[in-house]
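# Geometric and topological summary
Chain residues, written in single-letter form:
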Amino acid sequence: MDTNHASERDLRERIRAGDEGAFDVVFRSNYTHLVRMAESVVREPALAEEIAQDVMLEFWRRRESLDIEQTFRAYLIRATRNRALNHIRHERIVAREAALAALESPSSPSAEEDMLGVELERAVRDAIDGLSDNCREVFQLSRESGLKYAEIATTLEISIKTVEKRMGQALAELRDRLSAWLPSKAGGKERGRKTPV
């Protein structure tokens, strides 16, 4: 254990000094793990490799100012997960903008439906944004990234039971916040369309 700590400390100092050989050692021993982590989130092998490479490149660029208290692997895995999640958040924003643009296009059936679509989109967005960070993260990894509960548990380093609990809370909150948009159980008229929650 002491040898490992000494080895990491030595590598850290060498990398900080610009030793490309030391960086290569860290790259080779961690790259596969980083790709696997990224792929569990983004679900695309090529994109996962790109994210892992970006993380390692950023690691090298910031080598002189990095303050790593944990192991290289722990640091790099966390950085990869954060970058992959940021990518998904960005994709979500792009998809929303595209949806809004489509709703505003002349091909929409009517101005009233346009307005309804925009209102619904805003209501869904606000409802998701209003979730607690933990619940929102689990919801997005499940519904937007398509991860299974076991994959979410691995990605977030939590138990499957915790994933189930957070997902249940997220769905309950979303149903409550979007109740005006959901079909009436009493068989009354629907307002708008059923949400994809």
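Above this text sits the structure in question.
Residues numbered from 1 in each chain as written. Predicted model: local features only at pLDDT ≥ 70, side-chain atom pairs only at ≥ 80, totals over all residues. Heavy atoms only, no water.

## Re the overall build of the chain
Definition in use: Secondary structure is summarised from DSSP: a helix means a run of H or I of at least four residues, a strand means a run of E of at least two, and numbering begins at the N terminus for each. Buried, partly exposed and exposed residues are distinguished by accessible area as a fraction of the type maximum, computed with a 1.4 Å probe on protein chains only: under 20%, between the cut-offs, and over 50%, respectively. A contact between two residues is defined here by any heavy atoms of the two lying within 4.5 Å. For every accessible area listed, the method is Shrake-Rupley and the probe measures 1.4 Å; residues are considered covered only by the protein chains on display.
On a plain count of helices and strands, the chain comes out with eight helices and zero strands. Scored against the burial criterion, the 197 residues of the chain give a buried share of 36%. Taking contacts inside the chain between residues at least 6 apart in sequence as the whole, the part at least 24 apart equals 60%. With the model as given, the accessible surface of the chain reaches about 12000 Å², and the carbon-plus-sulfur share is 49%.

## Re helix α7 (residues 149-156)
To be explicit about the condition: Each direction from the helix axis to a C-beta atom contributes to the arc, which is the arc of those directions.
Restricting attention to buried positions, one finds in α7 the residues Ile-152, Ala-153, Thr-155 and Leu-156. End-on, the buried residues of α7 take up no more than an arc of 165 degrees, which puts them together on one face. Following α7 by one or two positions, Glu-157 adopts a phi angle in the positive range, close to 60 degrees.

## Observations concerning the nonpolar core
In a soluble, globular protein the nonpolar side chains are often hidden away together inside. The line we're drawing: Buried Ala, Val, Leu, Ile, Met, Phe, Trp, Tyr and Cys residues that are joined via side-chain atoms within 4.5 Å together make up what is termed a nonpolar core.
If you look at the biggest cluster of nonpolar residues, it comprises 50 residues, and the most contacted ones within it are Phe-59 and Leu-76. Per-element accounting of this core gives the leading share, 10 residues, to helix α2 (residues 20-42). Excluding anything up to four places from it in sequence, Leu-76 contacts Val-26, Asn-30, Leu-34, Val-55, Met-56 and Phe-59.

## Looking at empty space enclosed by the protein
Using the following cut-off: Cavity and pocket criteria rest on a 1 Å grid covering protein atoms alone: a 1.4 Å probe that fits but cannot get out defines a cavity, protein on both sides within 12 Å along at least 5 of 7 lines defines an open pocket, and an atom within 4 Å of a point defines a lining residue. Grid points are joined across faces, edges and corners, and a volume is the space filled by probe spheres set on the points. As a working rule, the residues Ala, Val, Leu, Ile, Met, Phe, Trp, Tyr, Cys and Pro are called nonpolar, Asp, Glu, Lys and Arg charged, and the rest polar, with Gly in that last group.
For the coordinates displayed, the defined rule picks out two cavities of 30 Å³ or more. Considering the residues around the largest cavity, the lining is formed by Arg-12, Ile-15, Arg-16, Phe-59, Arg-63, Leu-66, Ile-68 and Phe-72. Here the element with the most residues in the lining of the largest cavity is helix α1 (residues 2-16); it accounts for three residues. In the lining of the largest cavity, the residues fall into five nonpolar, no polar and three charged. One number sums up the size of the second largest cavity: a volume of about 40 Å³. Breaking the lining of the second largest cavity down by element, the ones donating at least two residues are α4 (72-104) and α6 (133-143). Here the residues of the lining of the second largest cavity sort into three nonpolar, one polar and two charged.

## Re α6
Among the 11 residues of α6, eight are classified as buried, and the element is accordingly described as predominantly covered. Taken as a whole, α6 has its buried residues at Cys-135, Arg-136, Glu-137, Val-138, Phe-139, Gln-140, Leu-141 and Ser-142.

## What to know about the pattern of salt bridges
Oppositely charged side chains may form a pair once their charged atoms are brought near each other. Quick note on the threshold: Salt bridges are counted wherever a side-chain nitrogen of Lys or Arg sits within 4 Å of a carboxyl oxygen of Asp or Glu.
Under the counting rule described, the total for this entry stands at 12 salt bridges. Between Arg-14 and Asp-10 there is a salt bridge whose closest N-O contact spans 3.5 Å. Taken together, the residues span about one helical turn, with Arg-14 and Asp-10 both in helix α1 at a distance of four residues. Taking relative accessible area as the criterion, Arg-14 reaches 32% and is therefore assigned partly exposed. Using a relative accessible area of 39% as the deciding quantity, one classes Asp-10 as partly exposed. A salt bridge links Arg-16 to Glu-13, with the shortest nitrogen-to-oxygen separation between them at 3.2 Å. Of this pair, Arg-16 and Glu-13 both sit in helix α1, three residues apart, which is roughly one turn of that helix. A network of salt bridges, in which partner residues are shared, links Asp-10, Arg-14 and Asp-19.

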